[in-house]
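What the coordinates show
For reference, the chains in residue letters:
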Amino acid sequence: MVRTVRNAGLAWMALLLIMMLVLTACAEKAAEPTSTEQKATTENTAVKTKVVKDAYGDVEIPIKPERVAAIYQEDFLTALGVTPVVQWYHPAWGKQDYLGLDVPLFDITGSMEALLAANPDIIIVDGYADPKKYEEFSKVAPTYKLPDELRNDTIGRLKKIAEVLGVPEKADEAIQKYNEKIADTKAKLEKAIGNETVAVIRLNVGNKPNLALFGDGNVYTGMLYKELGLTPYSAAKNQETHVVLSEEAIPAIDAEHIIVFPSNGTWTSEENKDALKILESPIWKSVPAVKKGHVYPMERTHWQSGAILANMKKADDLVKAIVK
């Protein structure tokens, strides 16, 4: 009797083991992808890049790059919520301090070592990258050169960079904030000074300090006239870049408001002390706007940029300086 019960128990255990093996096999078979599913999975894994046309032709870039280097375009990355892996730097001009970035510096006058160490997925460059420089960048990572026609187009550059990075929705958000800021500032400035003329002058420091008048089409400051609606000083009209003023031309500046900033460093930089003497000279002090106290010193770090965040900081500066 005991043997019978024991044999029956063994039989049940054997049957249970067989059933478990069958169920496991079925589950594994059910988990196997069909040929169509397997093909789709393989394709999704393979699609990691896209081919786009830049200023030099077709280039294959990542669809969603995570490590981005944008040489002197870091302002636009920051506006899109992207932290660059390096920041543009020049020994004489420094970097764009206003961005407050805490990333390694890439000295554009030196080697590619810092860029190589940053291991970017993509490099975005502008007009400064000629074919030879573009080739050097391309050896580090896929490189996209922005179209030259976007050089003076802040919004266009932002949209293009967002498109390249696969985040067009981020551009829409940034543009909305920008347009609101510009519209508000324009209304305040119109109420404060109306059609009174405005000149933008750069104090060129260095061995031979001088003053340069920026034109109404200048890439850095043209937005004051085109977007904020300020009236350009007569000599600045139809001027795409800037002109160096002779000593004789300085007393003739009859703009009602003057914005001035240094070409390098800051107003307190030791190396700029000699250049500042120009603004203490009798010739400069004879200018009508100077006599009236309508001269507004600004910081170079964002006034020598035409990028979106820099332009918004200019708008804040103007409201603070001019709107009472």
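These numbers were taken from a predicted model, which means no experiment stands behind them.

Criteria and cut-off values
- Throughout, a residue's number is its position along its own chain's written sequence, starting from 1.
- The model is predicted, so local features are restricted to residues of pLDDT at least 70 and side-chain atom pairs to those at 80 or more, both for listing and for counting; the totals for chains, interfaces and linings are taken over all residues.
- Values reported for side chains reflect all heavy atoms of the structure, with hydrogen atoms and water molecules removed beforehand.
- Note on conventions: DSSP H or I runs of at least 4 residues are helices, E runs of at least 2 residues are strands, and numbering of each starts at the N terminus.
- Whether a residue is buried, partly exposed or exposed follows from its accessible area with a 1.4 Å probe, protein chains only, as a fraction of its type maximum: under 20%, in between, or over 50%, in that order.
- Here, residues are in contact when the closest pair of their heavy atoms is within 4.5 Å.
- Note on areas: Shrake-Rupley with a 1.4 Å probe; residue coverage comes only from the protein chains shown.
- For a helix, the expected span equals 1.5 Å multiplied by the residue count minus one.
- Residue-level confidence of the predictor, termed pLDDT, takes values from 0 up to 100.
- Here a pair means two rings of Phe, Tyr or Trp (six-membered ring of Trp) with centres within 6.5 Å. Their orientation is stacked below 30 degrees between planes, edge-to-face above 60, and tilted elsewhere.
- Ring-over charges, as used throughout, are those where CZ of Arg or NZ of Lys falls within 6 Å of the ring centre and within 35 degrees of the ring normal.
- All axes are obtained by fitting lines to C-alpha atoms, using only the stretch in contact for helices, and the reported angles, taken between N-to-C directions, cover 0 to 180 degrees.
- Angles are sorted into four bins: roughly parallel if under 35 degrees, roughly antiparallel if over 145, roughly perpendicular if 65 to 115, and oblique for all others.
- For any helix crossing, the convention is left-handed if the near helix is rotated counterclockwise from the far helix by under a right angle, and right-handed if that rotation is clockwise.
- At least two DSSP bridges between two strands are needed for those strands to be called paired.

**Description of the overall build of the protein chain**
Tallying secondary structure elements over the protein chain gives 12 helices and 13 strands in all. Counting all 324 residues of the protein chain, 44% fall into the buried class. Pairs at least 24 apart in sequence give 61% of the contacts found in the protein chain among residues at least 6 apart. Split by element, the accessible area of the protein chain, about 18,000 Å² in all, is 55% carbon and sulfur.

**Let's talk about helix α12 (residues 308-322)**
Taking 1.5 Å of rise per residue, 15 residues should cover 21 Å, and α12 covers 21 Å from first to last C-alpha, within 8% of that figure. Residues of α12 that are buried: Ile308, Ala310, Asn311, Met312, Lys314, Ala315, Leu318, Ala321 and Ile322.

**As for the confidence of the model for the protein chain**
On average, residues of the protein chain score 87 in pLDDT, and 85% of them are at 70 or above. Element-level pLDDT for the protein chain is lowest in helix α2 (residues 35-46), with a mean of 39, against a maximum mean of 98 in helix α3 (residues 74-79). Confidence drops under a pLDDT of 50 for residues 1-47, and excluding neighbours within four residues, the segment shows 2 contacts in the predicted structure.

**Notes on the packing of aromatic side chains**
Evaluation of the coordinates by the stated rule reveals 7 aromatic pairs. Residues Trp88 and Trp93 carry aromatic rings whose centres are separated by 6.5 Å and whose planes lie at 15° to one another, so their mutual orientation is stacked. Note on Trp93: relative accessible area 41%, which makes it partly exposed. Through successive ring pairs, a cluster of aromatic residues spans Tyr72, Trp88 and Trp93. Here Lys145 stacks its cationic end above the ring of Tyr56, 5.2 Å away from the centre of that ring.

**A look at the side chain of Asn272**
Within the secondary structure, Asn272 is located in the loop between β12 (257-262) and α9 (282-285). In contact with Asn272, not counting residues within four places along its chain, are Val205, Pro262, Asn264, Gly265 and Thr266.

**Points about unusual backbone geometry**
Comment: phi is negative for the bulk of residues other than glycine, and the bulk of peptide bonds are trans. At Tyr72, a residue that is not glycine, the phi angle is positive and equals roughly 65°. By the secondary structure assignment, Tyr72 is in the loop between β3 (68-70) and α3. One non-glycine residue with positive phi stands out, namely Asn238, at about 60°. With respect to the helices and strands, the residue Asn238 is situated in the loop between β10 (231-232) and β11 (242-245). Residue Asn238 is classed as exposed on the basis of its relative accessible area, which comes to 74%.

**Some words on the packing of helix α7 (residues 168-193) against α12**
Where α7 contacts α12, the axes come no closer than 10 Å and their chain directions differ by 25°. Taken together, the axes of α7 and α12 lie roughly parallel to each other. In terms of crossing hand, the pair formed by α7 and α12 is left-handed. Contacts between α7 and α12 involve Ala174, Lys177, Tyr178, Lys181, Thr185, Lys188, Leu189, Ala192 and Ile193 from the former and Ile308, Asn311, Met312, Ala315, Asp316, Leu318, Val319 and Ile322 from the latter.

**Here's the deal with the packing of helix α6 (residues 154-165) against α7**
The relative placement of two packed helices is expressed as an angle between their axes plus a distance between the axes. Contact geometry of α6 with α7 gives a least axis separation of 8 Å together with a crossing angle of 155°. Our classification of the angle between α6 and α7 gives roughly antiparallel. Between α6 and α7 lies a crossing whose hand is right-handed. Facing α6, whose interface residues are Ile155, Leu158, Lys159 and Ala162, α7 presents Pro168, Ala171, Ala174, Ile175 and Tyr178.

**Topic: the environment of Gly81**
Its place among the elements puts Gly81 in the loop between α3 and β4 (87-89). On the basis of relative accessible area, Gly81 is assigned to the exposed category, the value being 65%. Counting along the chain gives 89 residues from Gly81 to Lys170, while the straight-line C-alpha distance between them is 7.7 Å.

**What about the environment of Leu276?**
Inspection of the secondary structure assignment puts Leu276 in the loop between β12 and α9. Through-space distance from the C-alpha of Leu276 to that of Pro262 is 9.0 Å; in sequence the pair is 14 residues apart. Leu276 has contacts with Leu203 and Trp267, leaving out every residue within four places of it along the chain.

**A look at the sheet that holds β3**
Judged by pairing direction, the sheet is parallel, and its 3 strands sit side by side in the order β3-β6-β7 without closing on themselves. The sheet is open, and its two edges are formed by β3 and β7 (143-145), each paired on a single side. Here the average twist between neighbouring strands, direction ignored, is 15°. Relative to strand β6 (residues 122-125), β3 is paired through 3 bridges, and the arrangement is parallel. Bridge pairing links Ala69 to Ile123 in β6. Seen against the sheet, helix α5 (residues 131-138) touches β6 and β7 and runs at an angle of roughly 150° to β7.

**Re the pairing of strand β8 (residues 197-204)**
Where burial is concerned, most of β8 is hidden: 8 out of the 8 residues are buried. Here β8 shows two buried faces, one formed by Thr197, Ala199, Ile201 and Leu203 and the other by Val198, Val200, Arg202 and Asn204. Sheet analysis places β8 next to β10, joined by 2 bridges and oriented parallel. Note that in β10 the partner of Val198 across the bridge is Pro232. Two elements, β8 and strand β9 (residues 210-214), share 5 bridges in a ladder whose sense is antiparallel. The residue of β9 that forms the bridge with Val200 is Phe214. Counting the residues that bridge the hairpin from β8 to β9 gives 5 residues, and of these Gly206 lies at a positive phi of roughly 130°.

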